[in-house]
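Understanding the architecture of this molecule
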Amino acid sequence: MNVMTKGADALPLNQILAGDCIDVMNSLPAGSVDLIFADPPYNLQLKGELHRPDNSRVDAVDDHWDQFDSFRVYDQFTHAWLKAARRLLKPNGAIWVIGSYHNIFRVGAELQNQGYWILNDVVWRKSNPMPNFRGKRFTNAHETMIWAGKDENAKYTFNYEALKALNEGIQMRSDWVLPICTGHERLKDDAGDKAHPTQKPESLLHRILVGSTNPGDVILDPFFGTGTTGAVAKMLGRDFIGIEREETYRKVAAKRIGKVRKFDRDALQTTTSKRAEPRVPFGQLVERGMLRPGEELYSLNGRHKAKVRADGTLIGADVKGSIHQVGAAYEGAPSCNGWTYWCFKKDGKRVPIDLLRQQIRAEMAN
């Protein structure tokens, strides 16, 4: 893990910082973080130990960091860390907060009170939830995540096409069915017990980071725990900053992240929207000699042709204009995507002009 050293306000990238999350966040430069993923204490308010029907003890969340004297104290804590977090976000930054019914509604109200703009609430439905051993309530089979922009005008990142590709070409919904940590992913301490009671699965963070960040973005996790956010960020070519006050968790997280291999550049590329790709005017193909004035283009259906002019327009039978206008006129349609409509001839074969546009875009990306 490396640290940036340029200037007094350099960010401690790819580091796990020790201390209280509010104090540490207030020490970092304002407007320096692209995304925050927060998994704050849930304030479960457990009364005594929890046992299974066979009287064996359940390894539930009863650590001191999850204990608050009252809802008022918890609300004050929530106000303070969300205020510190909002100061760190870039103007177009966003935040994800995960919680259970014990705390997520209080957190959601405070997000709105502070000017965050809620974009979605996402339900993580656990495919393998812990059973309800007392049998007096429904099994808690989900947690809720709130995704919010820094404010109403934030131009937040949303990689819609990448999430759609993850979901086999179907639009990603706001209910995610993913398993909790089990088996090889569940980290253990030296005694063979869970290293952290609420370790989040990497699949959850993978979906969040692919969907709402880009390679090179800075991700802050103020409740770092055993480092799931850092591990996934490293794999996906994002930078992270972790804050964790418990030394035991910091050691586990550092060891875990040290073993993570970053994906190569090609693997980090994701499906993007056509609208997000660089605009290439048709005239640029003519300027660069990829198509010559006087060269004929042919419609994909083979029924029409038009001639390329020096200014990047086309002229055909009783019609002239852009590649889109001429195509629409020939088809008697209100509009036409000329890039997919027109072809040129090469070695006697028709080749879509869009291949020439993609060639230019590939050059622009290098």
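Look above for the structure.
Figured I'd write up the structure that's included with this text. Note that the coordinates shown come from a computational prediction; the quantities given were computed from them, not determined experimentally. (Residues numbered from 1 in each chain as written. Predicted model: local features only at pLDDT ≥ 70, side-chain atom pairs only at ≥ 80, totals over all residues. Heavy atoms only, no water.)

**Structural notes on a nonpolar patch on the surface**
Operational definition: Patch construction takes residues with relative accessible area above 30% that form no salt bridge. Like charges are linked within 9 Å, and nonpolar side chains (Val, Leu, Ile, Met, Phe, Trp, Tyr) are linked within 5 Å. The Shrake-Rupley method, run with a 1.4 Å probe, gives the accessible areas here. Residue values count only the displayed protein chains as cover. Only one rule defines a salt bridge in this text: a Lys or Arg side-chain nitrogen within 4 Å of an Asp or Glu carboxyl oxygen. Helix and strand definitions follow DSSP, with helices as H or I runs of at least four residues and strands as E runs of at least two, each counted in order from the N terminus. Whether a residue is buried, partly exposed or exposed follows from its accessible area with a 1.4 Å probe, protein chains only, as a fraction of its type maximum: under 20%, in between, or over 50%, in that order.
Where nonpolar side chains cluster on the molecular surface, the patch consists of Tyr156, Phe158 and Tyr160 and spans about 270 Å² of accessible area. Structurally, the position occupied by tyrosine 156 is in the loop between β5 (142–149) and α4 (160–166). What makes tyrosine 156 partly exposed here is its relative accessible area of 35%.

**Brief notes about the packing of helix α5 (residues 202–212) against helix α6 (residues 228–235)**
Convention followed: Orientation is described by lines fitted to C-alpha atoms, with helices fitted over the stretch in contact, and by angles between N-to-C directions that extend from 0 to 180 degrees. In this scheme, roughly parallel covers angles under 35 degrees and roughly antiparallel covers those over 145, while 65 to 115 is roughly perpendicular and the rest are oblique. Handedness of a helix crossing follows the sense of rotation of the near helix relative to the far helix, less than a right angle counterclockwise being left-handed and clockwise being right-handed. Any two residues whose heavy atoms approach within 4.5 Å are treated as being in contact. Lys, Arg, Asp and Glu make up the charged group, whereas Ala, Val, Leu, Ile, Met, Phe, Trp, Tyr, Cys and Pro make up the nonpolar group; the residues left over, Gly among them, are polar.
The geometry of α5 relative to α6 is characterised by a closest axis approach of 9 Å and an angle of 55° between their N-to-C directions. Here α5 lies oblique to α6, going by the angle between them. Our pair here, α5 against α6, has a crossing hand that is right-handed. Contacts between α5 and α6 involve Glu202, Leu205, His206 and Leu209 on the former and, on the latter, Thr228, Thr229, Ala231, Val232, Ala233 and Met235. For the contact of α5 with α6, the class distribution of residues is six nonpolar, three polar and one charged.

**Topic: the packing of aromatic side chains**
Quick note on the threshold: Two rings from Phe, Tyr or Trp (for Trp, the six-membered ring) form a pair when their centres are within 6.5 Å of each other. A pair whose planes differ by under 30 degrees is stacked, one over 60 is edge-to-face, and the rest are tilted. Here, a charge over a ring is recorded when the distance from Lys NZ or Arg CZ to the ring centre is within 6 Å and its angle to the ring normal is within 35 degrees.
Per the stated rule, a full pass over the model turns up 12 aromatic pairs. With a centroid separation of 5.3 Å and an interplanar angle of 85°, the aromatic rings of tryptophan 147 and tyrosine 156 are classed as edge-to-face. You can call tryptophan 147 buried: its relative accessible area is 5%. Ring geometry for tyrosine 341 against tryptophan 342: centres 4.9 Å apart, planes inclined by 85°, an arrangement best described as edge-to-face. In this structure tyrosine 341 comes out as buried when scored by relative accessible area, which is 9%. Each member of the aromatic cluster is reached from another via a ring pair, and the members are Trp96, Trp147, Tyr156, Phe158, Tyr160 and Trp176. One residue, lysine 126, lies across the ring of tryptophan 124, its end atom 5.1 Å from the ring centre. The positively charged end of arginine 207 is found above the aromatic ring belonging to tryptophan 176, 5.0 Å away from the centroid.

**Things to note about the environment of arginine 173**
Residue placement: arginine 173 occurs in the loop between α4 and β6 (175–178). Arginine 173 sits in the exposed class, given a relative accessible area of 59%.

**Notes on helix α10 (residues 323–331)**
If you check which residues of α10 are buried, you get Ile323, Val326, Gly327, Ala328 and Tyr330. Where α10 is buried, its residues touch α9 (282–287), β10 (305–308), β11 (314–316), β12 (319–321), α11 (338–341) and β13 (342–346). Downstream of α10 by a residue or two, glycine 332 has a phi angle that is positive, lying close to 60°.

Take it as geometry only, folks, not as evidence of what the structure does.
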